[in-house]
Amino acid sequence: MANNSFVKFENVQKSYDGETLVVKDLNLEIPKGEFLTMLGPSGSGKTTCLMMLAGFETATQGIISLGGNPINNIPPHKRGIGMVFQNYALFPHMTVYENLSFPLEVRKLPKRIREEKIKRALDMVQMNEFGNRRPAQLSGGQQQRIALARSLVFEPELVLMDEPLGALDKQLREHMQYEIKHLHEKLGVTVVYVTHDQTEALTMSDRVAVFNDGVIQQLASPPNLYEKPENAFVAQFIGENNKIIAQVVDVKGSVVTAKTLKGNLLKSKKVNCDTVGSKTTLSIRPERINVGVKGENTSEAEVLELIYIGDHIRCRMNVEGDENFIVKIPNAKKVSNLKIGLKTKVSWATDDCRALDRLA
Amino acid sequence: MQASQNKKNEQMLTSDGIPLKKKLSKSLFRSRLRAFGLVTPLLLLISIGFVFPILVFLTRGIYNDTFEKYMVNLTPVLAEWNGISEPTEEMFEALVLDLVWLKETKNIGKVASRMNREMSGSRSLFTSSARKAKKLEAPYKESLIKVKKKWGDLETWRAMKVTSHSLTPVFLASALDMKYTAEGSFIQKSEDRRIHVKLFIRTLEISLIVVIAGLILGYPVAFLLANLPIRISNLLLILVLLPFWTSLLVRTTAWIAMLQGQGVLNDLFVVFGIATDEDRFTLIYNKAGTLISMTHILLPFMILPIYSVMKTIPPSYVRAAKSMGATNWTAFWRIYFPQTIPGIGAGAILVFILAISFYITPALVGGQDGTMISNFIDYHMRKSLNWSLAAAMGGVLLVIILFLYWIYDRVVGIDNMKLG
Amino acid sequence: MKLFKLTFATVSALFVAFGANAESITVVSWGGAYTKSQVEAYHKPWSQKTGNQVVSEDYSGGLAEVKAQVESGNVTWDVVDVELSDALQGCDEGILEEIDHSTLPAAPDGSPATQDFLPGALQDCAVGNIVWSTLYAYDKTKFDTPPTTMADFFDIEKFPGKRGMRKLGKAMLEMALMGDGVPAAEVYDLLGTEEGVQRAFAKLDTIKDHVVWWEAGAQPPQLLADGEVSMTITWNGRIFNAIAQEKQPFGLVWDGQIYDLDLFVIPKGSKNKEAALDFIRFSTDTKRLADQASWIPYGPLRNSSIPLIGTFHSDPSIKMIDHMPTTEVALKNALQNDFEFWADNGEELNERFNAWLAN
């Protein structure tokens, strides 16, 4: 991956009303060819960032540059950025062919070259037979492919995608995720992708920027994001996660010892907690917990609910006073021992437990 | 069991043995009946209160039996007459018989009015002759001509022959500035009596200009309304609708105050030196006055359909176009504008149809060259009482509107119209 | 007890008003100052005398509404104030009730109504009410030497400014001929010929570009007051009111005036025919006609009323008789509207007038 940044946000701030900041001091560098996803709940500022990059919103403060040149004052149509919209924005009064032809016509390309490029783009999304249809005559998935082809037909170096799969059903969405990923790999184009679906973000991206409250909470590759969340928000937002509130009693190197409300002492990896005496959130993934055996950290537990998922059993327990403590147990033979009301022990490795900031 | 099994091979049956199709239509019949019941009051109202009266009135344009109904004796005799030869004693006798009877039954005015439309001056010819008819003696030809010389004219009799046909094209011909003769041919009226064709053309011209002016003025307003934040656009929308809350008459009168020689606009022109005090602009009581006030009054009908169509166009289309490299103008002209055409079509046809039958405003501010065909329909309805001619003119107007509607459907397509 | 008495009194009063004399008639007239004069002089005293109610409605002339009511069989108008030509035409067409002249009250000196009314005022279906005039008025502030003749109205050079005219052939064509120097007595003979009609239109052509056309009687005083026109054809009562009551600086020119009669008629099939007849008998007696004249300068149609004409109701310094269309000065060069001429030629001439307007 190239080191020099292709897209760069420097100290970017955005406010709509002059009173509150929607984007607070954003700094982000995206190298050429990367697939970067902006992930976050609605209202977190991710779409605003995308719109500023596309040129439909102006940055209140800071510089946005593309290929080394600031683009704050360049109108959207001169930025040469491809874009896929949430509802595809296929022009309803034009055929598929005319839709794809439009960006080429405004670039005044000769007809022969236009035809060639349109054919190539339609081939790319396997939609060559649909050139004469109108968007309304296509299914959601087909429209999605056309929108994709249209954003790529004029060969931009950067493509922005604003929740492009939001309107599709689950199965089609998953299928399209792979397709977009493969297209990206094949074309080597830089993609900035906005979604609120964490699975989508993890599946497709080289790197994910998790947004909350106008600030990037963590920027990391999908494995790091899942395995090593840096704060309680990210831990909670990405995947499932058990939280135990505790007070720090000792910090030795990277190991934190904390005391739970019930007085149990638990060891965990220091990530983002304050000094001795402060509160911390201990975060453990549900699949990293062993039931019925002792380990580095052990706690009393009571089975409250068992849900049969198929490949695993989802077990809700009362651990350290938290009645929503979830343990995922692989569907093996010994599971049959578990019964509602059974009192047992749970344990986990110190490395799998991360001491994070106290979540409000 | 065996029997029902056999039947099943012929047609599908329900569990109780009734054919499925029959059962289905029976079960749907109730809901259809209910649906029909819901629209019946409106259907009745429209057919009794709208379609029927219009049809009845339009027939007056081609059917007028006043002469045939009251000139019972003369009508069949006239039918045999060729219209060229000298009127016979038999015809005069029938005429006198009818006049006597009409005088007694007090119906002479109706026939006199009807005849006067065909031939000016017939009213007094009929009424005064009727007064003396009772005392007339045979030979009637001589005695009647003695009363009024005009009875000896061939033209009088030819006019009566034309009028004696109840089903007649005279009114339609008159609505198109033509005269229907006793021989059954149409001739154009003399230059200084032609007026209706000119007015039909002027009506279409004024309506078309109002549509175009409304489009030019209304489109940007609709665009603004559709793109402003909802709080402000709602306020502005109320301002657009505000004129609907005042009567048409008040709005028109307000324009008189604005546009007249000593009015607000001319005062401003004088203040800014655009006009001199002695030589002010004539903005009212002419075509300009009609155009200005009609454009204003009909503007909301143009803005609202365009606005409601624009409202449904997401901003992402224009954004998409711009992201693909289109300038503001290209994005508007090639992407946004085509999508507003259904609204433009609806607004244009709405305004056009309203404009074509406008009459209060042109009557008040139109002066001589700003009046429209509906003013003349109104004139013949209320002033000259020539309802047959009014009906014929209304019929012609209706045909013109239907024809334009048909052209619109062929060119733009009526499905391609959206009121919201 | 007191309350009971009060309630009893109110209820019985209501019975008197609506129960015993339950009749209410609708009287239709031309609106404005003219209707006001009738309300004051006819409606109020008649209501007081008989206990019947009078509902006053306005219209702008013509027989269309009467015809529609009679033909549909739903007659809601009981008494209508119409012009002479309409009274005759309506009677001929059988849409008006006949009125027996012998039932009309005699004059104070005992002479019967048929002798007391002016010629033409009593018709088979109508009883005369007033004589009114179409003439022209001017804005005094616009001219140093005031216009005096009909010819002045058509002289744009000597008397500059816009002209207000009624958008109707009737009266305008006659005035055009008088403005062209034709004496009043010869107007209708000339207008009956093709060259006369052409001469009238030729005269109208000379001022066509300077004319503001009006249709409702309330418009001309307004046009003058707004300064839209410097002279306008108008009805003498309307303009008198603007002068006497609103103190507008308007002048009247009687030369070339055209006077006409207004009459009361009853649409055929009126539901309150007896009450309507009673109203007409009451309103057209000597005193009532004279009373009417103190509100608006329209001349009463009974000879016996003329000596009783008083002063303007709000200004005793104005003698109403001086402002009537029937004074010696006013009649010097005046024309009586020829209803028969217009009954015969109205359609044709109005059609030509409209075509002339549109060209």
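Residues numbered from 1 in each chain as written. Chains lettered and ligands numbered in written order. Predicted model: local features only at pLDDT ≥ 70, side-chain atom pairs only at ≥ 80, totals over all residues.

### Regarding the arrangement of the chains
- The interface with the highest contact count, out of 2 pairs of chains in contact, is the one between chains B and C.
- With no contact between them, chain A and chain C keep their nearest C-alpha atoms 46 Å apart. (Contact = placed C-beta atoms within 7 Å.)

### Points about the domain arrangement of chain B
- According to the domain assignment, chain B contains domain 1 (21-59), domain 2 (66-168) and domain 3 (196-411).
- The C-alpha centroid of domain 2 of chain B is placed 48 Å from the C-alpha centroid of domain 1 of chain B. (Domains from an automatic or database assignment.)

### Looking at the pairing of strand β14 (residues 279-284) of chain A
Residue and element names in this part refer to chain A.
- The buried fraction of β14 amounts to 5 of the 6 residues, a majority that puts the element mostly inside the structure.
- In this sheet, β14 lies alongside strand β11 (residues 242-252) in antiparallel orientation, the contact comprising 6 bridges. Of the residues in β14, the one forming a bridge with Asn242 is Ile284.
- The sheet contact formed by β14 and strand β20 (residues 353-356) spans 4 bridges and is antiparallel. Each bridged residue has a counterpart across the sheet, and for Ile284 the counterpart in β20 is Cys353. (Buried ≥ 20, exposed ≤ 12 C-beta atoms within 10 Å, placed from the backbone. Helix = DSSP H or I, 4+ residues; strand = E, 2+ residues; numbered from the N terminus. Pairing = 2+ DSSP bridges.)

### A closer look at the environment of Phe358 of chain B
All names here are of chain B.
- One can find Phe358 in the loop between α17 (328-356) and α18 (360-365).
- Sequence separation between Phe358 and Asn375 is 17 residues, and the spatial gap between their C-alpha atoms is 8.1 Å.
- Look past the residues within four positions of Phe358 in its chain and what remains in contact with it is Met294, Met372 and Ser374.

### Focus: the sheet that holds strand β15 (residues 290-291) of chain A
Residues and elements named next belong to chain A.
- The strand order across the open sheet formed by 5 strands is β15-β19-β16-β17-β18, and the pairing between neighbours is antiparallel. The open sheet is flanked by β15 and β18 (322-330), the only strands paired with a single partner.
- One ladder, built from 6 bridges, connects strand β16 (residues 297-308) with strand β19 (residues 343-348); its direction is antiparallel. Among the inter-strand pairings, Ser299 is bridged to a residue of β19, identified as Val346.

### Quick notes on the interface of chain B and chain C
- Opposite the 32 residues of chain B that make contact, chain C presents 28 residues.
- At the level of secondary structure, the elements contributing two or more residues to the side of chain B that touches chain C comprise α6 (108-118), α7 (122-133), α11 (196-227) and α19 (373-383) of chain B.
- Sort the elements by how many residues they give to the side of chain B that touches chain C and α6 of chain B lands first, with 7 residues.
- Across the side of chain B that touches chain C, the residue classes tally to 8 nonpolar, 14 polar and 10 charged. (Nonpolar A, V, L, I, M, F, W, Y, C, P; charged D, E, K, R; others polar.)

### What about the environment of Pro169 of chain B?
Residue and element names in this part refer to chain B.
- Along the chain, the position of Pro169 falls in the loop between α9 (154-164) and α10 (170-175).
- Taking the number of C-beta atoms within 10 Å as the measure of exposure, Pro169 has 17 and is therefore partly exposed.
- For the pair Pro169 and Tyr180, spaced 11 residues apart in sequence, the C-alpha separation works out to 7.1 Å.
- Setting aside chain neighbours within four positions, we find Pro169 in contact with Ile62 and Tyr180.

### Here we look at the environment of Glu23 of chain C
All names here are of chain C.
- Here Glu23 shows up in the loop between α1 (2-20) and β1 (24-29).
- By C-beta crowding, Glu23 is classed as partly exposed, having 17 other C-beta atoms within 10 Å.
- Each C-alpha atom, one on Glu23 and one on Val54, is 8.9 Å from the other, the two residues being 31 residues apart in sequence.
- Apart from residues no more than four positions distant in its own chain, Glu23 is found in contact with Asn52, Asn272 and Ala275.

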